[in-house]
2 protein chains.
Amino acid sequence: MFAMSTPFAYTLDSIQERIEGLTPTSRRLSSLRGQFLDSRAFDAQLAQGDPVLYEYYPVHRPEVAGELFSGLTTLYPGTVGGEYFMTKGHFHALLETGEIYSCLSGQGKLVMETPEGTWQVTDMSPGVVVYIPPRWAHRTVNTGPNKFSFFWVCPADAGHDYGSIERQGFRKRVVEQNGSPTLIDNPHWLPPAQRV
Amino acid sequence: MFAMSTPFAYTLDSIQERIEGLTPTSRRLSSLRGQFLDSRAFDAQLAQGDPVLYEYYPVHRPEVAGELFSGLTTLYPGTVGGEYFMTKGHFHALLETGEIYSCLSGQGKLVMETPEGTWQVTDMSPGVVVYIPPRWAHRTVNTGPNKFSFFWVCPADAGHDYGSIERQGFRKRVVEQNGSPTLIDNPHWLPPAQRV
């Protein structure tokens, strides 16, 4: 939609949860089947409807080194069996590429881990920018009562590798306990040597 | 200052003109000698003092493909002989790398051109994000009465090539005429075939 070789501008709307003039891609509850710990709660919730968990506005560029892929993602507030709404999460297909997340509104957590299982979870609120180094998978979680949005930039040739996260999830999960976001171990997570 | 291989966060201050805890690099009037069209006005202004024209807060990373170089730049308001305060401007040393500028506060213009002399000037105000494709030199100009700040991200191996801009400047200059920012041709600019 944007010319490939001339500069162009795009505009974040005033509440910084949308890119003006772009139609977002929506991820609904059904598209995260198998990702939440409590599959019974997931099924019960899906029987009531299929709400949007998040929307993203990608600004595509040619997928070559030197170009940048950018966009905005907005996560809705909510939980499934006490686990906060979250993005699918992924490694980059080109593992040695980083990414920058800049929080625009709301509050959440950025859950990250390496292929070896080293993990880190970083709080995000407006003004916080997180540098995700090459090799770190990343997932965002909305831990607040309102929408949580962030702007992101990565190399345009980074690509996505959803597979390994879909199989077992991240090492840490973010759940509501006594009204507060709490990190718990993911019982499905196995260290690399034990995976089949 | 940041660990090289683990995620880290940094925080834009509440007015979005600084990165908390980072000491900025300042560019004063004297460092832009030869860049403003009116050298007599430049000398007269410098005789009165050497004000800061802009400050930038770079978040350095290893200069290799896959890493990202990010930061924040704040331009002060002012003019030299009617020409608005501006950054030095540069091509990337690795020409085939792009950059993203996201305006945080104030108002300004982003002046761009290719090695062949194709030019474009884009207005910036809060919420506006500009995609600078590979090959386009870029300079920002503060056309407003307040500070003008923006967040930027480029590939960490992009590097800087200031030389060709220092020699003749950009094809277009931004000057105040009848109280409004106006584009004028740069009389020192030569098309590639006529440069020595």
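Residues numbered from 1 in each chain as written. Chains lettered and ligands numbered in written order. Predicted model: local features only at pLDDT ≥ 70, side-chain atom pairs only at ≥ 80, totals over all residues.

Q: With reference to specific residues and values, describe the interface of chain A and chain B.
A: The interface is formed by 35 residues belonging to chain A together with 35 residues belonging to chain B. Elements with a minimum of two residues in the side of chain A that touches chain B: β1 (8–11), β4 (68–75), β7 (99–105), β9 (119–124), β10 (128–132) and β12 (148–155) of chain A. Sort the elements by how many residues they give to the side of chain A that touches chain B and β10(A) lands first, with five residues. Looking at the side of chain A that touches chain B residue by residue, the class counts come to 21 nonpolar, twelve polar and two charged. When β10(A) meets strand β1 (residues 8–11) of chain B, the two strands line up antiparallel, connected through four bridges. Opposite A:V129, over in β1(B), you have B:Y10 as the bridge partner. (Contact = placed C-beta atoms within 7 Å. Helix = DSSP H or I, 4+ residues; strand = E, 2+ residues; numbered from the N terminus. Nonpolar A, V, L, I, M, F, W, Y, C, P; charged D, E, K, R; others polar. Pairing = 2+ DSSP bridges.)

Q: How would you summarise the sheet that holds β4(A) if you had to cite specific residues and measurements?
A: Neighbouring strands of a sheet are bound in pairs by backbone hydrogen bonds; such pairs are parallel or else antiparallel. Reading across the sheet, the seven strands line up as β2(A)-β3(A)-β4(A)-β12(A)-β7(A)-β10(A)-β1(B) and stay open at both edges, with antiparallel pairing between neighbours. Taken across any chain shown, the strands that pair with only one partner, and hence form the sheet edges, are β2 (25–28) of chain A together with β1 of chain B. Going from strand to strand, the sheet's axes swing by 20° on average, the running direction of each strand aside. Where β2(A) meets strand β3 (residues 52–59) of chain A, four bridges bridge the pair, whose relative direction is antiparallel. Within the sheet, the bridge partner assigned to A:R28 lies in β3(A) and is A:V52. (Axes fitted to C-alpha atoms, helices over the stretch in contact; angles between N-to-C directions.)

Q: Could you give an account of the relation of the copies chain A and chain B, with specific residues and numbers?
A: In this structure, two copies of a chain are linked by a rotation about an axis accompanied by a shift along it. With an RMSD of 0.0 Å, chain A superimposes on chain B once it is rotated by 180° and translated 0.0 Å along the axis. Classification of the inter-copy transformation places it as that of a two-fold axis. A share of 100% of the interface residues of chain A reappears at the interface of chain B, consistent with the copies meeting face to face through the same patch. (Least-squares fit on C-alpha atoms with pLDDT ≥ 70 in both.)

Q: Run through the pairing of β3(A), naming residues and quoting values.
A: Bridging between β3(A) and β4(A) involves six bridges; their strand directions are antiparallel. Within β4(A), the position partnered with A:V59 by the bridge is A:S70.

Q: Tell me about the pairing of strand β4 (residues 68–75) of chain B, and please be specific about residues and values.
A: All names here are of chain B. Summarising burial for β4: eight of the eight residues are buried, a large majority. On β4, burial covers both faces: L68, S70, L72 and T74 on one face and F69, G71, T73 and L75 on the other are all buried. With eight bridges joining them, β4 and strand β12 (residues 148–155) adopt antiparallel strand pairing. From the neighbouring strand, L72 faces β12, where its bridge partner is F151. (Buried ≥ 20, exposed ≤ 12 C-beta atoms within 10 Å, placed from the backbone.)

Q: An account of the environment of A:P58 is needed here, citing residue identities and associated values.
A: Residue and element names in this part refer to chain A. The topology assignment puts P58 in strand β3. Given 15 C-beta atoms within 10 Å, P58 falls into the partly exposed group. Apart from residues no more than four positions distant in its own chain, P58 is found in contact with T25 and G71.

Q: Quick one: what's the story with unusual backbone geometry, residue by residue and with numbers?
A: Peptide bonds are, in most cases, trans, and in most cases residues other than glycine have a negative phi. In this structure, A:Q16 is a non-glycine residue whose phi angle is positive, near 60°. If you trace the backbone, A:Q16 turns up in the loop between β1 and β2. Unusually for a residue other than glycine, B:R135 sits at a positive phi of about 85°. If you trace the backbone, B:R135 turns up in the loop between β10 (128–132) and β11 (137–142).

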